[in-house]
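Per-entry structural report
The chain contents come next:
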Amino acid sequence: MAGRDRDRFSTTTRIKLLGEQTAARVYRSQTRRQARRSRLTSRAALLALVVCTLVVALAYPIRQYVSQRAEIADLERQKQQARERVGQLRDLKARWKDDAYAEQQIRQRLHYVMPGETGYVVIDPGAARRSRAGRTAADRSWYSNVWYGVDRSDAAAQ
């Protein structure tokens, strides 16, 4: 028994025992860290709350910014189209100052003829029939609508 007590208090036994205890503490601390890492800490929750608040607070201004940029692009496109139209109208105005162009347009649009020329206007009879057939009540005169109504009611009675 004396040999056992001696071994129990020996330096080698003590160091061995301290090593085992230290290893057990390290193992316990590692498992605690892993458990802490998997849980959501209050700092992480607060950070997530702040980020979500910022996203919600900035969503509307960013949407407004994007829509205003689209509107600005649309207005710039309209401005460019207006500039092109102004250029076309300036060209047309310059053409009308030319007597030859004005004469050509007058002859074409108003059917004017020069003295000594004979003017002809050709009318397509099919076009006249199509235009009359396609007329609605709003396009006809009021008295035509009255007679049309009388004819319809008379046809329905027979």
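Residues numbered from 1 in each chain as written. Predicted model: local features only at pLDDT ≥ 70, side-chain atom pairs only at ≥ 80, totals over all residues. Heavy atoms only, no water.

Some remarks on a nonpolar patch on the surface
- On the surface, a nonpolar cluster with roughly 810 Å² of combined accessible area is contributed by Leu46, Leu49, Val50, Leu54, Leu58, Ile62, Tyr65 and Val66.
- Looking at where Val50 falls in the secondary structure, it is placed in helix H3 (residues 42-96). (Patch = residues over 30% accessible without salt bridge, like charges linked within 9 Å, V, L, I, M, F, W, Y side chains within 5 Å. Areas by Shrake-Rupley, 256 points an atom, 1.4 Å probe, with all protein chains shown as cover. Salt bridge = Lys/Arg side-chain N within 4 Å of Asp/Glu carboxyl O. Helix = DSSP H or I, 4+ residues; strand = E, 2+ residues; numbered from the N terminus.)

Points about the pattern of salt bridges
- The final tally for this structure, using the stated rule, is 2 salt bridges.
- Notably, a salt bridge pairs Asp74 with Arg77, separated by 2.3 Å at the nearest N-O pair. Taken together, the residues span about one helical turn, with Asp74 and Arg77 both in helix H3 at a distance of 3 residues.
- On the accessibility criterion, Asp74 (30% relative accessible area) is partly exposed.
- Residue classification places Arg77 among the partly exposed residues on the basis of a relative accessible area of 43%. (Buried < 20%, exposed > 50% of the residue type's maximum accessible area, 1.4 Å probe, protein only.)

Some details on the packing of H3 against helix H4 (residues 99-110)
- Remark: H3 packs on H4, axes separated minimally by 7 Å, with the N-to-C direction vectors making an angle of 95 degrees. Classified by the interaxial angle, the pair formed by H3 and H4 is roughly perpendicular. For the pair formed by H3 and H4, the contact residues are Leu92, Arg95 and Trp96 on the first element and Tyr101, Ala102, Gln105 and Arg109 on the second.
- The residue makeup of the contact of H3 with H4, split by class, is 4 nonpolar, 1 polar and 2 charged. (Axes fitted to C-alpha atoms, helices over the stretch in contact; angles between N-to-C directions. Parallel < 35°, antiparallel > 145°, perpendicular 65-115°, else oblique. Contact = heavy atoms within 4.5 Å. Nonpolar A, V, L, I, M, F, W, Y, C, P; charged D, E, K, R; others polar.)

Side note on the packing of aromatic side chains
- Going through the model one piece at a time under the given rule, you end up with 2 aromatic pairs.
- For the pair Trp96 and Tyr101, a centre-to-centre distance of 5.4 Å together with 80 degrees between the ring planes defines the contact as edge-to-face.
- The exposure class assigned to Trp96 is partly exposed, which follows from its relative accessible area of 35%.
- Geometrically, the ring pair formed by Trp142 and Tyr143 is edge-to-face, given 5.8 Å between the ring centres and 80 degrees between the ring planes. (Phe/Tyr/Trp six-rings, centres within 6.5 Å; stacked < 30°, edge-to-face > 60°.)

Observations concerning the side chain of Gln105
- With respect to the secondary-structure elements, Gln105 resides in helix H4.
- Non-local contacts of Gln105, meaning those with residues more than four positions away in its chain, are made with Trp96 and Leu110.

Digging into the confidence of the model for the protein
- Per-chain confidence: the protein averages 83 in pLDDT, with 82% of residues scoring 70 or above.
- At the low end of the mean pLDDT range in the protein sits helix H1 (residues 2-8), at 57; at the high end sits H3, at 94. (pLDDT = per-residue confidence, 0-100.)

Observations concerning H4
- With 12 residues, H4 should reach 16 Å at 1.5 Å per residue; the first-to-last C-alpha distance of 16 Å fits that figure.
- Turning to H4, its buried residues are Tyr101, Ala102 and Gln105. Buried residues in H4, looked at end-on, bunch into an arc of 95 degrees, giving them a common side. For H4, the exposed residues lying more than 90 degrees away from the buried face are Asp99 and Ala100.
- Buried residues along H4 sit in contact with H3.
- Phi turns positive, to about 60 degrees, at His111, one or two residues after H4. (Expected span 1.5 Å × (residues − 1). Arc of directions from axis to C-beta.)

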